[in-house]
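Secondary and tertiary structure notes
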Amino acid sequence: MTNILEIVKSQKLTYEQKVFSLAHAAEDTLEVIDIPAKTKYYLEENAIDDLFEGSAPYRPRYILPDYDKFIKNGSEFLQLDPPEDLDELLNSLMILYRHVPSITSFPVYLGNLDKMIDPFLEGYEDKEIKKKLRLFLNYLDRTITDSFCHANLGPEDTRAGRLILEVEKELQNAVPNFTFKYDAEITSDEIAELALYTSLYCANPAICNHSLVKDTYSTDYGIASCYNILPIGGGAYTLARVVLPKAAKLAKDQDDFFENILPQCLNTMGDLMNKRIQFLVEESGFFESSFLVKEGLIDKNNFIGMFGIVGLADSANILLGEKGKRYGHDKEADDLADKIMHTISEFVTSFPAKYSPISNGHFLLHAQVGMDYDEDITAGVRIPVGDEPENMSDHLRHSARFHKLIPTGCSDIFAMESTARNNPSAMLDMVKGAFDLGVKYTSFYEENGDLIRITGYLVKRSEMEKYKRDEAVLQNTTHLGTGNYDNNNLKDRKVRGV
Amino acid sequence: MKKAPVRNIIHHSLVDGPGNRTSIFLQGCNIKCGYCHNPETQEIYTDSSTSCGVVKWMTADEVFHEVERDIPFIRGITLSGGECTLYPKFLEDLFTLGQKRGLSCLIDTNGTVDLSKYPELMEVSSGVMLDVKAWDQNKFKKLTEGNNKNVKKNLKFLSDTNKLEEVRIVCIPEEVDVEVILKGIKDTLGERIDQFTLRLIKFRNHGVIGRLKDTKSPSDQYMNNLKNMAVDMGFKVMQS
């Protein structure tokens, strides 16, 4: 109860943040999921981690509504006719977003905005459109107070896409995260360069390798939350993670890790995820009651379970012990990491997942980005911050190798010198090369900008400073970002470019 | 294979030509600019049997081995210096390797070496970024201790052979006769002045130890006036 009273009395939380925290605390008083002793042990050791998803799941973690269907049909439940002009479209979307649940209670996916908006632009001057977009985007930034929220652009070069990029550069908003889906066959160099150029001013958009990920599902895909690649018209029921360095520390040696600890972590987590999905689908009533389901904007058959891993780098380094070989630098460490990844991938692609037909009855691997309470745990399969290889080519090649086995999202972040703004074509060359080699997703920001990409989400340095002074801040991701920025020494991220 | 003294290799350079490039800086220069930003690259090394400090004598094969790490992230390579055209055979060897891998191969030069004498090199070179430091020979001499006869010859030769990628002018009021240069280029090349980038570079004294080390940068207004003038004349202008 102290915890609840603390939430009530907090001066660092906004009213809205208190309400969500209180709801979470209430959920956690329930014990509806049976957790065996072994699972409990690994949870307590934090070798597996349910990411505080709550003890009684009553909505999927990530939802990606079929916005095209909504635009075509309107919504009976929301009493909205299909939009007929730009004002109606933006207004309808603002209304619908308010009703899309998620783990954060905010929508984590806002749609492929350029393609949704572009058909409504005829007859308007750029200036008029930009004003409407400004109002729309600022509404999103100020009311979706959690930056685990994503809008998509591309791969086509559209007028709407260009205008959104231009407005984004001006606004410097943390929400939503934008990703541009890049496909050399479809995307023009001009808009790709505009996207990269924009990212050097506002850390948005990130770039996704469209041709490599477009066939992940039988449905179309969207990028949601941080950089999660998920089916449109569905999403993810749940995400848990194996904290590989914690598991490595529990092992006596490499053999113990591969023969005992890792398989037990994988099995207990797989079992826990299935139980969560089972409760959500069979007991929570979500799929029976949500208008999103009734109106066909989502379908149970389009949801998956995301099987997260974090800290591959640190686990390889730990298992090599005294040898001093490092992930990202030494072949022995990289080969060991590769073996860990293949072991996990073999498990995930064979372990049966409940209610997951779109992923063929299995969970899908995800490179989890880390939590604010993590220490010495590197996001996903990344090379630790501050230990990046000198030559960016070596870094990108390494990424390509380790992105391979992860279908639901993995990414890299590069801090760039401001000179890069003068040569976006150089950035595009890097992206093209990296994507050719198999890098799935990458992002850039300019080293001195206010907006900074923490692990996947964006936070403003100025907001972090406020929060450190114990002031309430608009976005709760600022809370997470502040811890993460300090614990993971993000200020030491290697700056690229000459 | 002929060796050249390599001062530095920058694997990802965003400032040495179009796109992302690997830049190779060779040691040794045949002029001494009062505004040189990297005067440590000026001294000419003649004895290839000794390495001195950071300078390594390398064959084109050895250098290209370094470049290969950066494929497919780069669009091409840029040879710079010092004055890289002091080593035409090395350049030819390196560019031959680069062309085979589909890389664009650019020369960054002060223009004082007559490039028409090296047809084999020009054959494998995708283009040249040429400094025009001054048009008036006296100004050029004062600025560089050299002669600009070949610079003018190269300007025409490169344009005639479609190898002129970029012309650079470092702008310093009084010291550099920018307006005369622009007029000189236009008189030499006529309509073809829109076929390359004209880069007007604002002088900055950072790293300069020569005569102009205390000279201040020109104002933004000065730079903008030059830009407008060049645009009006028909040049394709970039500022940096």
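Refer to the structure presented above.
Computed from a predicted model, the values in this text were never measured in an experiment. (Residues numbered from 1 in each chain as written. Chains lettered and ligands numbered in written order. Predicted model: local features only at pLDDT ≥ 70, side-chain atom pairs only at ≥ 80, totals over all residues. Heavy atoms only, no water.)

Our next topic: the overall build of chain A. Helix and strand counts for chain A come out as 20 helices and 16 strands. For 498 residues, the compact-globule estimate of 2.2 N^0.38 gives 23 Å, and the C-alpha radius of gyration of chain A, at 22 Å, lies within 12% of that figure. A burial count over chain A gives 60% of its 498 residues as buried. For chain A, the share of sequence-separated contacts (at least 6 apart) that also reach a separation of at least 24 residues comes to 78%. With the model as given, the accessible surface of chain A reaches about 19,300 Å², and the carbon-plus-sulfur share is 48%. Between the averaged position of the 53 positive side-chain charges in chain A and that of its 78 negative side-chain charges there is a distance of 2 Å. (Helix = DSSP H or I, 4+ residues; strand = E, 2+ residues; numbered from the N terminus. Rg over C-alpha atoms; globule rule 2.2 N^0.38 Å. Buried < 20%, exposed > 50% of the residue type's maximum accessible area, 1.4 Å probe, protein only. Contact = heavy atoms within 4.5 Å. Areas by Shrake-Rupley, 256 points an atom, 1.4 Å probe, with all protein chains shown as cover. Lys, Arg positive; Asp, Glu negative; His and termini not counted. Charge placed at Lys NZ, Arg CZ, Asp CG, Glu CD.)

The helix and strand tally for chain B stands at seven helices and nine strands. The C-alpha atoms of chain B give a radius of gyration of 17 Å, which matches the 18 Å a tight globule of 240 residues would have. A separation threshold of at least 6 residues defines the contact pool for chain B, and within that pool the share at least 24 residues apart is 69%. For chain B, the accessible area works out to roughly 10,700 Å², and carbon and sulfur atoms hold 48% of it. For chain B, the separation between the mean place of its 33 positive charges and that of its 32 negative charges on side chains is 1 Å.

Once that is clear, we can look at the packing of aromatic side chains. Residue and element names in this part refer to chain A. Overall, the coordinates contain 24 aromatic pairs over all chains when judged by the stated rule. Their ring planes at 85° and their centres at 5.4 Å tell us that Phe20 and Phe106 sit as a pair that is edge-to-face. With Phe20 in helix H2 (residues 15-27) and Phe106 in the loop between helix H5 (86-97) and strand S3 (109-112), the pair connects residues that are 86 residues apart, well separated along the chain. Given a relative accessible area of 29%, Phe20 falls into the partly exposed group. Under the relative-accessibility criterion, Phe106 is labelled buried at 7%. (Phe/Tyr/Trp six-rings, centres within 6.5 Å; stacked < 30°, edge-to-face > 60°.)

Another point: the packing of helix H5 (residues 149-160) of chain B against helix H6 (residues 178-189) of chain B. All names here are of chain B. Two elements in contact, H5 and H6, have axes separated by 10 Å at closest approach and are oriented at 45°. With respect to H6, the element H5 is oriented oblique. Between H5 and H6 the crossing geometry is right-handed. Contacts from Leu155, Lys156 and Ser159 of H5 reach H6 at Ile185, Thr188 and Leu189. Looking at side-chain class alone, the contact of H5 with H6 contains three nonpolar, two polar and one charged residues. (Axes fitted to C-alpha atoms, helices over the stretch in contact; angles between N-to-C directions. Parallel < 35°, antiparallel > 145°, perpendicular 65-115°, else oblique. Left-handed = near helix turned anticlockwise from the far one by under 90°. Nonpolar A, V, L, I, M, F, W, Y, C, P; charged D, E, K, R; others polar.)

This next bit is on helix H4 (residues 137-144) of chain B. Residues and elements named next belong to chain B. Phe140, Leu143 and Thr144 are the residues of H4 that are buried. Considered in projection along H4, the buried side chains sweep an arc of 75° and stay on one side of the axis. Exposed and facing more than 90 degrees away from the buried side of H4 are Asn138 and Lys142. Elements in contact with the buried residues of H4: H5. Where H4 begins, the capping side chain belongs to Asp136, and its oxygen is found 3.0 Å from the backbone nitrogen of Asn138. (Arc of directions from axis to C-beta. Polar contact = N/O pair within 3.5 Å; in protein donor to acceptor, adjacent residues only side chain to side chain.)

Looking now at the sheet that holds strand S16 (residues 495-496) of chain A. Residues and elements named next belong to chain A. Here seven strands make up an open sheet; going across it, the order is S3-S4-S5-S6-S13-S12-S16 and the pairing mixed. Edge positions in the sheet fall to S3 and S16, since each has one partner strand and no second. Taken together, the two bridges between strand S6 (residues 206-209) and strand S13 (residues 441-446) define a ladder with antiparallel strand orientation. Bridging across to S13, Ile207 finds its partner in Thr442. The strands touched by helix H9 (residues 189-202) are strand S5 (177-182), S6, strand S12 (412-416) and S13; relative to S13, the strand with the most contacts, the crossing angle is about 50°. (Pairing = 2+ DSSP bridges.)

Residue and element names in this part refer to chain A. Residue position: Leu89 is located in helix H5. Judged by its relative accessible area of 0%, Leu89 is buried. Measuring from C-alpha to C-alpha, the distance between Leu89 and Phe120 comes to 8.0 Å, with 31 residues separating the pair along the chain. Setting aside residues no more than four positions away along its own chain, Leu89 makes contact with Ile71, Pro83, Met116, Ile117 and Phe120.

To continue, consider the interface of chain B and chain A. Of the residues lining the interface, 16 residues belong to chain B; the matching set on chain A comes to 18 residues. The interface formed by chain B and chain A includes two salt bridges. In this structure, the connection of chain B to chain A is made through 13 residue pairs in polar contact (both at pLDDT 80 or more). No other element matches strand S1 (residues 3-13) of chain B, which puts three residues into the side of chain B that touches chain A. Across the side of chain B that touches chain A, the residue classes break down as seven nonpolar, five polar and four charged. (Salt bridge = Lys/Arg side-chain N within 4 Å of Asp/Glu carboxyl O.)

This part covers the packing of H6(B) against helix H7 (residues 220-233) of chain B. All names here are of chain B. Direction vectors running N to C along H6 and H7 enclose 15°, while the axes themselves pass 11 Å from each other. Comparing the axis directions of H6 and H7 gives the class roughly parallel. At the point where H6 passes H7, the crossing takes the right-handed sense. On H7, the residues touching Val178, Glu179, Leu182, Lys183 and Lys186 of H6 are Tyr222, Leu226, Met229, Ala230 and Met233. Its residues placed into classes, the contact of H6 with H7 shows seven nonpolar, no polar and three charged.

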